[in-house]
Each structure stands twice: as structure tokens, then as C-alpha cells.
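# Structure at a glance
Given next are the chains, with one letter for each unit.
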Amino acid sequence: MQQLSGFWIGSDLDETAFGNFAEDMVTREDLGRLPNVLLLAERHAGFWETERGQLVLVGMLGMLVDSLETGDASEALGAISACPPRLAQQALDLLIAALPEGALDVPQEMDDAMLFCTAMLAGASGQRAAAAALLEQGRPGRVEAAYGPPAAMIAEAYAPAPEKAEAFKPKLIIWDLDDTLWHGTLADGDAPVLIEKRAEFVRAFNRHGVVSAICSKNEFAKARAELERFGLWEEFVFPRIAFVPKGAVIRRMIADMQLRPENVLFVDDNPHNLHEVADAVPGIRVVDATSGACDVLLEELLAGQAHVAKSRVADYRLFETRVAEREGEQMSDEEFLLKSGICATFTDRMDNLEFAERIEELINRSNQLNYTQSRIAPGTIRDKIQDIDHYEVLCAFVWDKYGYYGLVGVAVYAFRTKTLEHFAFSCRIMHMGVEDAMIRMLAERGYPLQASPAFRKPLPAQSSRAITTLSYSDAEVRARVLAEEAPRDWSKVDLRIMADCQSGAFYHYSRHQAVTDFDNNPRLFSLPQMKTGAYLEQHFPRHLVYAAASDYIDWRWEAYSREIDYALFLDCADRFVEMAVTGGHRVLLFLPPEGLALKMYELHKGCVPERSRVWHPVLNHYWRGVAARHPGVFTLVELGDELAADELVHAHHYVPSALQRISGMIDDWYEAVTAQVALGVAA
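Treat the numbers as computed from the prediction; the structure is a model and nothing was measured.

### Here's the deal with the overall build of the protein chain
- Secondary structure assignment for the protein chain yields 26 helices and 19 strands.
- Projected onto the principal axes, the alpha-carbon positions of the protein chain cover approximately 95 × 65 × 40 Å.
- Within the protein chain, the proportion of its 683 residues that are buried is 53%.
- Put simply, 71% of the contacts in the protein chain that link residues at least 6 apart link residues at least 24 apart.
- Of the roughly 29,800 Å² of accessible surface on the protein chain, a fraction of 52% belongs to carbon and sulfur atoms.
- Computed over 66 positive and 99 negative side-chain charges, the separation of the two mean positions in the protein chain equals 4 Å.

Shown next as C-alpha cells:
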């Protein structure tokens, strides 16, 4: 008996040995080993007709029902995903025989777990429509929060083919070698002759976001040597080269790469291998390398990827390293995660504008881990990010000791209507617990999601306890993410935008991003820092943009008083002015509108709009005096004169078109003052 990466390769098992293996699985109640038994089920078809085989089937049914009692169908679905249809029908007949007579006529009276198990076996046996109908008929009278998620997962898994039909979009192509990638059989002593067109396919797919792997019956060292001779070894990930059956190997490879079989193509010249893999990995596409249709299909798939200009080879190299270390040390999944040094940081509000296109790509490409099953119209996420009065957009960036995974999760929550619109993740972080970390982060902000009806798929069971959450406001953390996502030379920063949560929008629309840094709460400047001395820990380049309204709110001063204290305000503001004057800074000062309708001063929860409206002209008057005394340092912009009523969300927040226009004012000012400096130097 051989073992490969935790999967039993049982071509050498006789029926007695296979029966022992299957019985041991039932005795141990080891559902995780059931897929290994089912992968070999058809090779030992006679076993299931015996009394011993019938008892194993009964034990298997008991394990499935026990698993479904937890209310999570994912484990049971995974366990029987490789079940041959004939065996599924045999198990279904046994289960129906054990039910009370007429039970299927009133499925709403069946126990949840028994109903789920019946539907799963019906679907696995090929009766997909019947499975969906049974689940729907059994729905009345049940608690939807408990019944809905597993029922939806089972229904989706066995949805009739026409309902699931969609264009094939490969993420992985698995190649055989002999008479597929090259002419000749290496084990027979042939000198391989590379099929240049196929080699170019591998390279081209890599350039356009589709990775290639190898599954070949050959000696590893010899095959690698030939691939290195052809300059192709580094083009492949997850090379599986050994004299073992391919079905189980490819099934495990896809799991290790955290992909769905529906996104995988297997290319081989041997019909036996093609049929074996198709049976062992339901959903995978296979193509005969010797057929004329093969290269035609590859050409079509490559054309469909022309819009993608990113290689994902490095991403899957991380998976290779992780899998090799986990298996080498024989660690459990939990032990492996705890030793992986997983770190996550979460970005919110305007920080996410830099990643808008990637956020939309993640939502629209994610299937396996898109828990709301939602999509977003291209170009619309920017509006939601900037609409901070109605939306919370939260993104997760993850890395561990093996490498950097990037932006791998997004949640979009409309907090006024308490609606979760999007909750999607990259399959690169599957089983890490990032979903749980995201939910915890949202809960800390007052948005509990565990029972959200928006979830169209059950959430995974993994906790986030292996993840260290780091603040994006930490300079080193932010630098780590931006070095990967938006590399820039920080030594050239010459302009800082200090406008609290809208700073990132001004930066996003700016013509001078290369020299600009921006605030985002809690990474920001505020006047009370002039009293505490916290401003000394911050960097103030020569040119500053300051939105005075940031400090016109009571809670900004709550460390000292329940509301704004004018004497304290004057003390802190005077210190800021002194710092700007003595430090040689140039400051563009934005003053908020005054004299608006009372509702426009309802700035935040708990705000007293009457008091806020009174304070605005008083504090604006102070800054007008500053600009008059220091015209060479402070340039004043009265937003009340610049913005129309329909451009205001309230006195401090503005619609995207207004933010873009204000950003243009900043650019014009910066270009003017730097031109003056240049002229002075020239003179």
C-alpha cells in the first residue's frame, strides 16, 4: 500500500485489503478518509454487493448524518464529492429503506440532517433536479437560519447543469509530458523532442494569469532534467512526477492549490488517464492531447485571457512551499497555521481608493469564497468608498512567513440600512480563518454579521486565532503593504493632505500622487496633538493642506472637555500656526461652509447641530485672521463660496464630484507655490 500526500493510492489493493481499509475508516469514524475510499470504489465494485460492503455503506451513512447534524454541509459534501453515481444510488436506497414508510411524501417532517443526506445522495446519484425539489419541499416550518445555509450549499453543489453553465475560465492547466508536451516516451529511453507550440502555450498562459502544473508518470529527476534543458522547469508549479495513478494525485493537487475543479484543464494523450481523472475529479475539464481539438481549445482559452496582464506563478509558489513544509513536518492544519506567522491588516475608508480596481476584480472573480454570491458594476466601488456616511468598505491584506498574499478579502456594508452587500475572498487564503478575522473587525465597529441573511453560502468553521492583526496606521505595516501594492519613493513626499477621512479622496484625484501623503483616521493630524506633543511623532513636509473642519467637532477634544473649549482651541491653533511659520511651511487652508440649514450640521452620531452651527463662523473667523497675518504662509479657500448646495452631504462631507474639484484646487495651489519657489531660486 502506498501513500501520497495523505491520499491512499490503492492500485495494489485486493478486495480483502480494500475492505479492511474501508472498515477501518468506519470504525474510526474518520470522515476525512471517506474520499480516499470513494476514489477506489469502482475498482472494487463487487465489494459493495457483499454483506460486508453493505455494513460499510450503513456506517458511511451514519458518519454523513452525524456530520450534517452540525448544520454545516461543507464537510459532508467534500467527503462524498468523488462518490460514483451507482454507489450513491445504492447508499440512497439503503437510507430510504431505513426511513419510516411514506417519509419522502412529507419531507417537511423529516429531520434536517436526514433530509440533507437524502438530497446529497440523490444529487450524487445524478438526480440533481430531485435533490433541489426535495430541499424546497422540506423547507416549510423550519428555522431558516439553521436550514437555509446548508440547504443552499447542497442545492448549489447539485444544481442541474444548465443552471450552472458558464464560460470555462481556467486558472490552472495540468500537463502530461510524454507525447503531450514533447514527442517521445522518456521511460522507454526516447530522447524527447519539445513540441514548441505547446511550450509557448505554457509561457503565454503564465503571462496572462493562468498557471501550469505537471502530472506525469516518469522518474522525477529525469523529467526535471529534460524540462530544464528546454528552459521550461521554472514555468511550472506543483510538478507531480511519479509512477502513480493520476486521479487521486490531481484531486489532491487542486485541493492544495485551493482551486475548484471547474477552473482546471487536464491535458493528456492517454485515454485511460483522461477517464480516470474525469471520474476522480468531478467538474474538471479534460482534453486529448493527440486530438485536433486540443490546440484549438488552448488558443480559444488563451484569447479569453488576453485582458489579463499578470503572472500568478509567484502566488502558487507560496502554496508549494507551504504544502511541502506542512507535509514534511507532518503537522495538523491547526498546528501548521499557528506556526505560519500569519499577519493581517485591514484598510478602510479612503485608504481603499488606491485599490479600487483590485477590489472590484476580487468581488467579480471570486466564486468559491464569495459568500454573498454578489457582483459589482465596474467603476462603482469608488463611489461606495467615498460615501463614508453610508458605507463601510473594509479590505484585508495578508502575509505570512512564506510570502505576501495581497488584497485577499473585502466586505461592503451599508450601515444605514444594515445591509451586507459584498463579502468575498481570494482562494489563496482558504482555511486560514481570514473570514472570521474580517467578521470580528466589523463587529468591533458595531456591525455584527454572524447571522446576516445576506450570506448565500455558509461561513467556514476556521477561527482566526492563528492570525495576528496589525494596524494599518502603523508606519511599518502600511509601508509593507504599499511596497507591494503601490511602490513609491517616500523620500520625495513634499505635500501632506490633512483633511481627516476625505484626505484619501483628494489624493486619489491628485496629479501629484508621487509627492503626496494623506491622512485617514486614526492616522491623522488634529489640533489637540499640539498640546499633547503627539504631533512631534509625525512628519510634516514643506507643503500642507489642512481642512479646519476636522477640529470643529466636539469629540475631537473629548480628552479635555465634553465640547469645544475656545481657549483650548486658540492655544492649540496658535501653536500650529507658530510651527507652520517657523518651520517654513506653506499651508492651504480649507474653511467649511457656514450659515447652512440646521440639518447640514448633523455631522455625526450624538452631534448637537445647534451648537455646531454656532461654532463654525466663530472658528472660521480665527483662521481668516491667521491668513491675513501670514499671507506668505497660509492660503485660504472658503468652501462655502466654492460648493453648491447639491455638492454637500453635510457641512464637512462632499459628493465625489466636489471632492475631485477640491483636489484640482490643491493641485493648482501646489503647482503655483512650487513655481514661485523655483523662480526665487532661479533669481
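### Re the sheet that holds strand β9 (residues 285-288)
- Taken together, 5 strands build an open sheet; the order of strands is β7-β6-β3-β8-β9 and the sheet is parallel. The open sheet has two edge strands with one neighbour each: β7 (236-241) and β9. Averaged over all pairs of adjacent strands, the angle between their axes in this sheet comes to 20 degrees, without regard to strand direction.
- Examined bridge by bridge, strand β6 (residues 211-216) and β7 share 5 bridges and lie parallel to one another. Counterpart to I214 in the pairing with β7 is P239.
- Strand contacts of helix α12 (residues 246-256): β3 (172-175), β6, β7 and β8 (264-268), with the helix running at about 155 degrees to β6, the strand carrying the most contacts.

### A look at helix α6 (residues 112-124)
- With 13 residues, α6 extends 18 Å between its outermost C-alpha atoms, agreeing within 8% with the 18 Å of an ideal straight helix rising 1.5 Å per residue.
- The element α6 is largely enclosed, with a buried count of 11 among its 13 residues.
- Along α6, the positions that sit buried rather than exposed are A113, L115, F116, C117, T118, A119, M120, L121, A122, G123 and A124.
- Structurally, α6 contributes buried residues whose contacts are with α3 (51-68), α4 (74-79), α5 (85-98), α7 (128-137) and α8 (144-157).

### Digging into unusual backbone geometry
- Backbone torsion omega between N521 and P522 reads 10 degrees, so that peptide bond is classified as cis.
- Looking at where P522 falls in the secondary structure, it is placed in the loop between β16 (516-518) and α22 (529-532).
- Phi is positive for R349, close to 45 degrees, though the residue is something other than glycine.
- Examined against the element boundaries, R349 turns out to sit in the loop between β10 (342-348) and α17 (356-365).
- Backbone geometry at H431 places phi at a positive 70 degrees, although glycine is not the residue there.

### Structural notes on the environment of A499
- Residue position: A499 is located in the loop between β15 (495-498) and α21 (503-508).
- The exposure class assigned to A499 is buried, which follows from its relative accessible area of 6%.
- Through-space distance from the C-alpha of A499 to that of V545 is 7.4 Å; in sequence the pair is 46 residues apart.
- Apart from the residues lying within four places of it in its own chain, the contact partners of A499 are F506, A547 and S550.

### Quick notes on the packing of aromatic side chains
- Going through the model one piece at a time under the given rule, you end up with 29 aromatic pairs.
- Measuring from centroid to centroid gives 4.9 Å for Y413 and Y447, while their planes differ by 35 degrees, and the two rings are tilted. Within this pair, whereas Y413 is found in strand β12 (residues 403-414), its partner Y447 is found in the loop between α19 (434-444) and β14 (467-470), the two being separated by 34 residues in sequence.
- Overall, the relative accessible area of 14% leaves Y447 in the buried class.
- Counting every residue linked through ring pairs, the aromatic cluster contains F525, F540, Y546, Y552, W557, F569, F576, Y622, W623 and F634.
- The cationic tip of R285 hangs over the ring face of F168; the distance from NZ or CZ to the ring centre is 4.5 Å.
- The positively charged end of R478 is found above the aromatic ring belonging to F518, 5.4 Å away from the centroid.

### A word on the state of the cysteines
- Under the definition given, this model contains 0 disulfides.
- No disulfide involves C427; its sulfur sits 17 Å from that of C395, the nearest cysteine.
- For C427, a relative accessible area of 12% puts it in the buried group.

### Topic: the packing of helix α10 (residues 196-207) against helix α14 (residues 292-304)
- For the pair α10 and α14, the least separation of the axes is 11 Å and the interaxial angle reads 20 degrees. With respect to α14, the axis of α10 lies roughly parallel. Every pair of crossing elements has a handedness; the one defined by α10 and α14 is left-handed. Together, K197, R198, F201, A204 and F205 of α10 and C294, D295, L298, E299, L301 and L302 of α14 make up the contact between the two elements.

### Description of the environment of C572
- The residue C572 is located in helix α23 (residues 566-582) in this model.
- When the C-alpha atoms of C572 and P528 are compared, they prove to be 6.2 Å apart, with 44 residues separating the residues in sequence.
- Filtering out sequence-adjacent residues up to four positions away, C572 remains in contact with L527, P528, M530, K531 and W557.

### Observations concerning the sheet that holds β15
- Pairing in this open sheet of 5 strands is parallel, and the strands run β16-β15-β17-β18-β19 from one edge to the other. Two strands in the sheet have a free side with no partner beyond their single neighbour: β16 and β19 (634-638). Each adjacent strand pair in this sheet contributes to an overall mean axis angle of 15 degrees, direction not counted.
- Note: strand β17 (residues 543-547) against strand β18 (residues 586-591), 5 bridges, orientation parallel. Bridge pairing in β18 links A547 to F590.
- Seen against the sheet, α23 touches β15, β17, β18 and β19 and runs at an angle of roughly 130 degrees to β19.
- Of the strands in this sheet, β17, β18 and β19 touch helix α24 (residues 609-629), which is tilted by about 140 degrees from β19.

Rules used throughout
Residues numbered from 1 in each chain as written. Predicted model: local features only at pLDDT ≥ 70, side-chain atom pairs only at ≥ 80, totals over all residues. Heavy atoms only, no water. Helix = DSSP H or I, 4+ residues; strand = E, 2+ residues; numbered from the N terminus. Buried < 20%, exposed > 50% of the residue type's maximum accessible area, 1.4 Å probe, protein only. Contact = heavy atoms within 4.5 Å. Areas by Shrake-Rupley, 256 points an atom, 1.4 Å probe, with all protein chains shown as cover. Lys, Arg positive; Asp, Glu negative; His and termini not counted. Charge placed at Lys NZ, Arg CZ, Asp CG, Glu CD. Pairing = 2+ DSSP bridges. Axes fitted to C-alpha atoms, helices over the stretch in contact; angles between N-to-C directions. Expected span 1.5 Å × (residues − 1). Phe/Tyr/Trp six-rings, centres within 6.5 Å; stacked < 30°, edge-to-face > 60°. Lys NZ or Arg CZ within 6 Å of the ring centre and 35° of its normal. Disulfide = S-S within 2.5 Å. Parallel < 35°, antiparallel > 145°, perpendicular 65-115°, else oblique. Left-handed = near helix turned anticlockwise from the far one by under 90°.

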